[in-house]
Amino acid sequence: MAALLCGSSMAASPAGFAAGGAQQLELLVGSQQSLASGHTLRRVAIGDPSVADVLIIKGDKTGGLLLVGKSPGSTNVMLWEQGKDAPLSYVVNVSSPAAKSLLGPGTPSVRVLGDSALISGSAPTMEAHQRAVAAAAIEARQRATLANAANSAANSAAAGASVGRGGRGSAVSGMSGAAGNDATNGGASFASAMGDAQIYDTSTVATRSVVQVDVRVVEFSRTVLKQVGLNILKQNNGFTFGSFAPSALSSATYGPTPSFNSVAPISSAFNLVFNSATRGLFADLSLMESNNLARILAEPTLVALSGQSASFLAGGEIPVPIPQGLGTTSIEYKPYGVGLTLTPTVLSPQRIALKVAPEASQLDFANAVTISGVSVPAITTRRTDTTVELGDGESFVIGGLIDRETISNVAKVPLLGDLPVIGAFFKQLNYQQNDKELVIIVTPHLVSPLAKGATLPATPGEQSEQRNAPVWRSFLGGVAARDAAPGFSK
């Protein structure tokens, strides 16, 4: 127990030994290094033998010690020479080969103190910081594994000693057995505590931590609409024959001279009209084809710290009744609209890892349900979640969120509309396909706050606003006046 206390106190304050003139020694686990060659030693003390151990070199004229690294950690070695009172002090830092290969000139320092690993210093990039974290995890895990093995061996030895003493008598056996159980439980708790090695990270990353993300949500509506309809009327010697699209015939007068009033079969279409008074023929052909373009749904600018999340929602919330017990009903609000959640992580002064989760939802009244007598519309949602790595000012486009709806309707005269070629004069076709593609454009920027007392730039509203502007010159001069009208920009 005294050795454990001595080792912990020495390993916890290596800086004190360094300040008192101690030399720093770097050693790998399993490697050896000669120490105090040519000196005649009378006493050797090591703080934590589980970290490093010494072997006396015999049969050599130079003498000295052989220092052996056993497990990751930090301890000190003190040597007393023959005829000298002041000892030689060394601080020994032992690291694993895997951790040594991960650490380099640009990574923070990693030190194992007892059952904890400490990361300190500054890293130029997030990648260098992650390498230091991985090295600390390796060393803390190896340290905890060795401690668990040592505790298990000590518990086994204590249990064997108690069983050996218990053979002398039943009373002694009972007491020794109780003592053995206590020792085993204490060892298990100590091993579990060593297994939960703590990693303390006090390092910093030398990058700006504020990220501004410019987001543009664009919806491309590739709607295809094709409609065709035909009205035809033939009068000859008191006989009248006609074909009208549904709802195209507005009024009809029958008699010796019948008359028919019709409207175009498609009110918003282009209509081709043909009329022959001598032959009593009238025809109206309607054709329409249209395509739509794009529109910007939202264009927010979000600011977040590295590793933190920022969200945006342009839409609303719909109340949904939720039946409860005893005939009561509660209201729960469901959001809908164009939403975005992003999490930036600064990797280096010019690289940013960005996790983007856009979502676009809209109310669908066609698939509504009725809850407690209230019609609640469904919500059509388009959602994605992706992570990209971009440079400062670079843009990334997320597309492929397509919502397609196809509607086809044919209105025809029974039997006549099914005839080949001729049937086209007795039917109306309405074909509509709605394709909406959602495109997200993200552009991250590393930004810094304005310095204290700096002049703030003018906002766009301030630049275009005119206060006490000249009125009469713009009123009299019109286009020739150089001044803009009040409230307008030139």
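Residues numbered from 1 in each chain as written. Predicted model: local features only at pLDDT ≥ 70, side-chain atom pairs only at ≥ 80, totals over all residues. Heavy atoms only, no water.

Enquirer: Can you break down the overall build of the chain residue by residue, with the values?
Expert: Helix and strand counts for the chain stand at seven helices and 28 strands. Contacts in the chain between residues at least 24 apart in sequence constitute 62% of all its contacts with a sequence separation of at least 6. On the chain, roughly 29100 Å² of surface is accessible, and the fraction owed to carbon and sulfur atoms is 58%. (Helix = DSSP H or I, 4+ residues; strand = E, 2+ residues; numbered from the N terminus. Contact = heavy atoms within 4.5 Å. Areas by Shrake-Rupley, 256 points an atom, 1.4 Å probe, with all protein chains shown as cover.)

Enquirer: Tell me about the sheet that holds strand S8 (residues 109-113), and please be specific about residues and values.
Expert: The three strands lie next to each other as S8-S9-S11, forming an open sheet whose pairing is mixed. Both edges of this open sheet fall to S8 and strand S11 (198-201), since each of them pairs with a single strand only. Neighbour-to-neighbour, the strand axes of the sheet open up by a mean angle of 20°, direction not taken into account. The pairing of strand S9 (residues 116-120) with S11 spans four bridges and is parallel. Within S11, the position partnered with Ile119 by the bridge is Asp201. (Pairing = 2+ DSSP bridges. Axes fitted to C-alpha atoms, helices over the stretch in contact; angles between N-to-C directions.)

Enquirer: Would you mind going over the pattern of salt bridges in detail, with residue names and values included?
Expert: If charged atoms from side chains of opposite charge come close, those side chains can pair. In this structure the tally under the stated criterion is eight salt bridges. Salt-bridge contacts for Glu81 lead to Lys84; the nearest nitrogen and oxygen are separated by 3.6 Å. According to the relative accessible area criterion, Lys84 is partly exposed, its value standing at 44%. For Glu389, the salt bridge is made with Arg351, and the minimal N-O distance between the two is 3.5 Å. On the criterion of sequence distance, the pair formed by Glu389 in strand S26 (residues 386-391) and Arg351 in strand S24 (residues 351-371) is long-range, its members being 38 residues apart. According to the relative accessible area criterion, Glu389 is partly exposed, its value standing at 47%. Taking relative accessible area as the criterion, Arg351 reaches 28% and is therefore assigned partly exposed. Sharing partners across several salt bridges, the network here consists of Arg351, Glu389 and Glu394. (Salt bridge = Lys/Arg side-chain N within 4 Å of Asp/Glu carboxyl O. Buried < 20%, exposed > 50% of the residue type's maximum accessible area, 1.4 Å probe, protein only.)

Enquirer: Talk me through the sheet that holds strand S7 (residues 88-95); I want residue IDs and the actual numbers.
Expert: Taken in spatial order, the four strands make up an open sheet running S1-S7-S6-S3, and their pairing is mixed. Since the sheet does not close on itself, it has two edges, and those belong to strand S1 (23-28) and strand S3 (41-46), each with one partner. Neighbour-to-neighbour, the strand axes of this sheet turn through a mean angle of 25°, independent of strand direction. Judged from the six bridges that link them, S1 and S7 form a sheet pairing that is parallel. Looking across to S7, one finds that Leu27 is bridged to Val94.

Enquirer: Before we move on, can you summarise the environment of Ala353 with the specific residues and values?
Expert: Inspection of the secondary structure assignment puts Ala353 in strand S24. Note on Ala353: relative accessible area 18%, which makes it buried. A C-alpha to C-alpha distance of 4.3 Å links Ala353 and Glu389, two positions 36 residues apart in sequence. The residues touching Ala353, leaving out its near neighbours within four places in the chain, are Thr343, Pro344, Thr345, Leu347, Val388 and Glu389.

Enquirer: Describe a nonpolar patch on the surface, with residues and values.
Expert: Nonpolar side chains collect at one region of the surface, where Val228, Leu272, Leu287, Val410 and Leu429 lie side by side and expose about 380 Å² of accessible area between them. If you trace the backbone, Val228 turns up in strand S14 (residues 224-236). The exposure class assigned to Val228 is partly exposed, which follows from its relative accessible area of 31%. (Patch = residues over 30% accessible without salt bridge, like charges linked within 9 Å, V, L, I, M, F, W, Y side chains within 5 Å.)

Enquirer: Go over the side chain of Thr443, please, and point to the residues and values.
Expert: Among the structural elements, Thr443 can be located in strand S28 (residues 427-447). For Thr443, a relative accessible area of 13% puts it in the buried group. Within the structure, Thr443 has its side chain in polar contact with the side chain of Ser395 (distance 2.6 Å). Ignoring sequence-local partners within four residues, the contact set of Thr443 consists of Gln212, Val213, Asp214, Gly393, Glu394 and Ser395. (Polar contact = N/O pair within 3.5 Å; in protein donor to acceptor, adjacent residues only side chain to side chain.)

Enquirer: Give a detailed account of the nonpolar core, specifying residues and quantitative values.
Expert: Ranked by internal contacts, the top residues of the largest apolar core, which has 24 residues, are Val213, Val215, Val217, Leu342, Leu354, Ile440 and Val442. Elements represented by at least two residues in this core include exactly strand S13 (210-221), strand S21 (301-305), strand S23 (329-348), S24, S26, strand S27 (396-412) and S28. Residues contacting Leu354, with those up to four places away along its chain left out, are Val213, Leu342, Thr343, Pro344, Thr386, Thr387, Val388 and Val442. In this structure, Ile46, Leu65, Val77 and Val94 belong to the second largest nonpolar core, which totals 15 residues. (Core = buried A, V, L, I, M, F, W, Y, C linked by side-chain atoms within 4.5 Å.)

Enquirer: Hey, could you go over the packing of aromatic side chains for me, with residue numbers and the actual values?
Expert: Across all of its chains, the model carries zero aromatic pairs by this definition. Directly above the ring of Trp80 sits Arg43, whose terminal nitrogen or CZ lies 4.0 Å from the centroid. (Phe/Tyr/Trp six-rings, centres within 6.5 Å; stacked < 30°, edge-to-face > 60°. Lys NZ or Arg CZ within 6 Å of the ring centre and 35° of its normal.)

Enquirer: So, the confidence of the model for the chain: which residues are in play, and what are the values?
Expert: Of all residues in the chain, 74% attain a pLDDT of 70 or more, and the chain-wide mean is 74. Residue range residues 1-20 is modelled with pLDDT below 50. Its contacts to residues more than four positions away, or to other chains, number 18 contacts. This model gives residues 163-195 a pLDDT under 50, and the stretch forms 22 contacts once residues within four places in sequence are excluded. (pLDDT = per-residue confidence, 0-100.)

Enquirer: Residue-level account of the environment of Phe396, with values.
Expert: Mapped onto the secondary structure, Phe396 falls in strand S27. Overall, Phe396 belongs to the partly exposed group, its relative accessible area being 29%. When the C-alpha atoms of Phe396 and Pro444 are compared, they prove to be 9.2 Å apart, with 48 residues separating the residues in sequence. Contact partners of Phe396, with chain neighbours within four places excluded, come to Val388, Leu390, Ile440, Ile441 and Val442.

Enquirer: Please give an account of the environment of Lys427 that cites residues and values.
Expert: Relative to the helices and strands, Lys427 resides in strand S28. Along the backbone, Lys427 and Val413 are 14 residues apart, and their C-alpha atoms lie at a distance of 6.1 Å.

Enquirer: Any details on the pairing of S28? Residues and values, ideally.
Expert: Alignment of S13 against S28, held across twelve bridges, turns out to be antiparallel. Across the sheet, residue Val211 finds its bridge partner in S28, namely Leu446.

Enquirer: Give a detailed account of the side chain of Ser203, specifying residues and quantitative values.
Expert: Within the secondary structure layout, Ser203 lies in the loop between S11 and strand S12 (204-205). Classification of Ser203 as buried rests on a relative accessible area of 14%. Within polar-contact distance, the side chain of Ser203 engages the side chain of His129 at 3.3 Å. Setting aside chain neighbours within four positions, we find Ser203 in contact with Pro108, Ile119, Ser120, Gly121 and His129.

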